[in-house]
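Working through the structure, step by step
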Amino acid sequence: MPALRSSIELLQPYEKFKPFTLTTSGSTAATVLTVSDYMIEANKITIIVDRDDLYINFGGNATTDGTSMLVPAGTGYTEDGVSFNGVISVIRANPTDGRIIGVIWGR
């Protein structure tokens, strides 16, 4: 007889979550949040960028030199099954300030 539920269905939801928002206010990198201040590790992240494009870095300072992820305004990013506990930082890609809105889930 087959199992009624698969092991993935039995996994409990993430224990912790932390919503965040930040509007840049200059041309230098800004820390959005430090994951370890809120949980042991983040395992899922969802973000939306509006107002203007932003470079985002997980675990270090965001840069415009191609080592950070560019997220265009009006789009977002979601990743599941990750594990990080450092900083999330952003830097604007253009002269206009951008805004990041998001949430992390973890344990």
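Whatever comes next refers back to the structure up there.
Only a predicted model underlies this, so the values are computations on that prediction, with no experimental measurement involved. (Residues numbered from 1 in each chain as written. Predicted model: local features only at pLDDT ≥ 70, side-chain atom pairs only at ≥ 80, totals over all residues. Heavy atoms only, no water.)

**A closer look at the packing of aromatic side chains**
- Tallied over the full model, the rule gives 2 aromatic pairs.
- Ring centres of F58 and F84 lie 5.4 Å apart, and the angle between their planes is 50°; on these two criteria the pair is classed as tilted. With a gap of 26 residues between them, F58 in strand β4 (residues 54-58) and F84 in strand β6 (residues 75-84) connect regions that are remote in the sequence.
- Using a relative accessible area of 16% as the deciding quantity, one classes F84 as buried.
- Through successive ring pairs, a cluster of aromatic residues spans F58, Y77 and F84.
- The ring of W105 is capped by K44, whose NZ or CZ atom sits 4.9 Å from the centre of that ring. (Phe/Tyr/Trp six-rings, centres within 6.5 Å; stacked < 30°, edge-to-face > 60°. Helix = DSSP H or I, 4+ residues; strand = E, 2+ residues; numbered from the N terminus. Buried < 20%, exposed > 50% of the residue type's maximum accessible area, 1.4 Å probe, protein only. Lys NZ or Arg CZ within 6 Å of the ring centre and 35° of its normal.)

**Here we look at the pattern of salt bridges**
- The tally for this structure, following the rule as stated, stands at 3 salt bridges.
- Here E41 makes a salt bridge to R107, at a shortest N to O gap of 3.0 Å. Pair noted here: E41 is in the loop between β2 (30-34) and β3 (42-50) and R107 is in the segment after β8 (99-106), with a separation of 66 residues, a long-range link.
- The buried category is assigned to E41, whose relative accessible area is 18%.
- The class for R107 is partly exposed, based on a relative accessible area of 40%. (Salt bridge = Lys/Arg side-chain N within 4 Å of Asp/Glu carboxyl O.)

**Considerations on the environment of D80**
- As for its position among the elements, D80 is in strand β6.
- Classification of D80 by relative accessible area gives partly exposed; the value is 47%.
- Along the chain, D80 and I104 lie 24 residues apart, while their C-alpha atoms are 9.9 Å from each other.
- Setting aside residues no more than four positions away along its own chain, D80 makes contact with Y14, N43 and K44.
- At a separation of 2.5 Å, a polar atom in the side chain of D80 contacts the side chain of Y14. (Contact = heavy atoms within 4.5 Å. Polar contact = N/O pair within 3.5 Å; in protein donor to acceptor, adjacent residues only side chain to side chain.)

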